[in-house]
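Architecture and fold: a report
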Amino acid sequence: MKMIRIAPPSALAHPRATPYLFPMASPEIEALTQALARLPGLGPRSARRAVLHLLKKREAALGPLRAALEAVDERLETCATCGNVDTVNPCAICADPRRDARALCVVEEVADLWALERSRLFPGRFHVLGGRLSALEGIRPEDLAIEALVRRIEGGGVDEVVLAMNATLEGQTTAHYLAERIERFPVRLTQLAHGLPVGGELDYLDEGTLAQALRARRPVA
């Protein structure tokens, strides 16, 4: 009689110990998922949810998204005046005659420009540096659109320059450098106020924010 050997339980493969390596979807769908996962604010899980939504709403979502991406890809340009990105050159902000050309707001990146524009509180125009000075990253003044900024101010018609740098060490270093470059022009030089956020509680704020708030204190109206 032939003996049948049964492997002990320890030798049996546990489902979790040997995961299946089968692909979840076709290479095209996986490529779309990976492309979305590389976008800021999206990870693999969020990208998969977005892809599933696009596939489920193919006519209402996937088609319009594809058409919008193709249109932007074909017409995307960098504004030769301020450095903003748009589908026209000069951009819609620079071409708008209602904007106050006497006020010029300097920002580090296009994202900063869009953030300020969403507030709808600044009526002037912008200038995008394309970054900020950083010795650690090797970013020097000649790597930014600083000379273009100086030429815009030197051309006249600008009464105020707002330095809207981020409240970081590199941002403030950039602001100080720009102030030195601009001080020879007859313009009013200002910068964004930094301090207590609306709704913020003192106990939850860091020392740097509190120090800046104290330095920027003003009389009680």
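Up top is the structure these notes are about.
The sections below set out a description of the structure shown in this document. (Residues numbered from 1 in each chain as written. Predicted model: local features only at pLDDT ≥ 70, side-chain atom pairs only at ≥ 80, totals over all residues. Heavy atoms only, no water.)

Remarks on the environment of Arg102
Note that Arg102 resides in strand E3 (residues 100–107). Residues Arg102 and Arg125, 23 residues apart in the sequence, show an inter-C-alpha distance of 8.2 Å. Residues contacting Arg102, with those up to four places away along its chain left out, are Gly157, Val158, Asp159 and Glu160. Here Asp100 takes part through its side chain, which lies 3.0 Å from a polar atom of the side chain of Arg102. (Helix = DSSP H or I, 4+ residues; strand = E, 2+ residues; numbered from the N terminus. Contact = heavy atoms within 4.5 Å. Polar contact = N/O pair within 3.5 Å; in protein donor to acceptor, adjacent residues only side chain to side chain.)

A look at the sheet that holds strand E4 (residues 124–128)
Spatially, four strands are ordered E4-E3-E5-E6 in an open sheet, and the strand pairing comes out parallel. Both edges of this open sheet fall to E4 and strand E6 (188–191), since each of them pairs with a single strand only. In this sheet, adjacent strand axes meet at a mean angle of 25° when their direction is disregarded. Relative to strand E5 (residues 160–163), E3 runs parallel, the two being bridged by four bridges. Within the sheet, the bridge partner assigned to Leu104 lies in E5 and is Val161. Strands in contact with helix H5 (residues 110–119) are E3 and E4; relative to E4, the strand with the most contacts, it is inclined by about 160°. (Pairing = 2+ DSSP bridges. Axes fitted to C-alpha atoms, helices over the stretch in contact; angles between N-to-C directions.)

In short, shape yes, function no, at least from these values alone.
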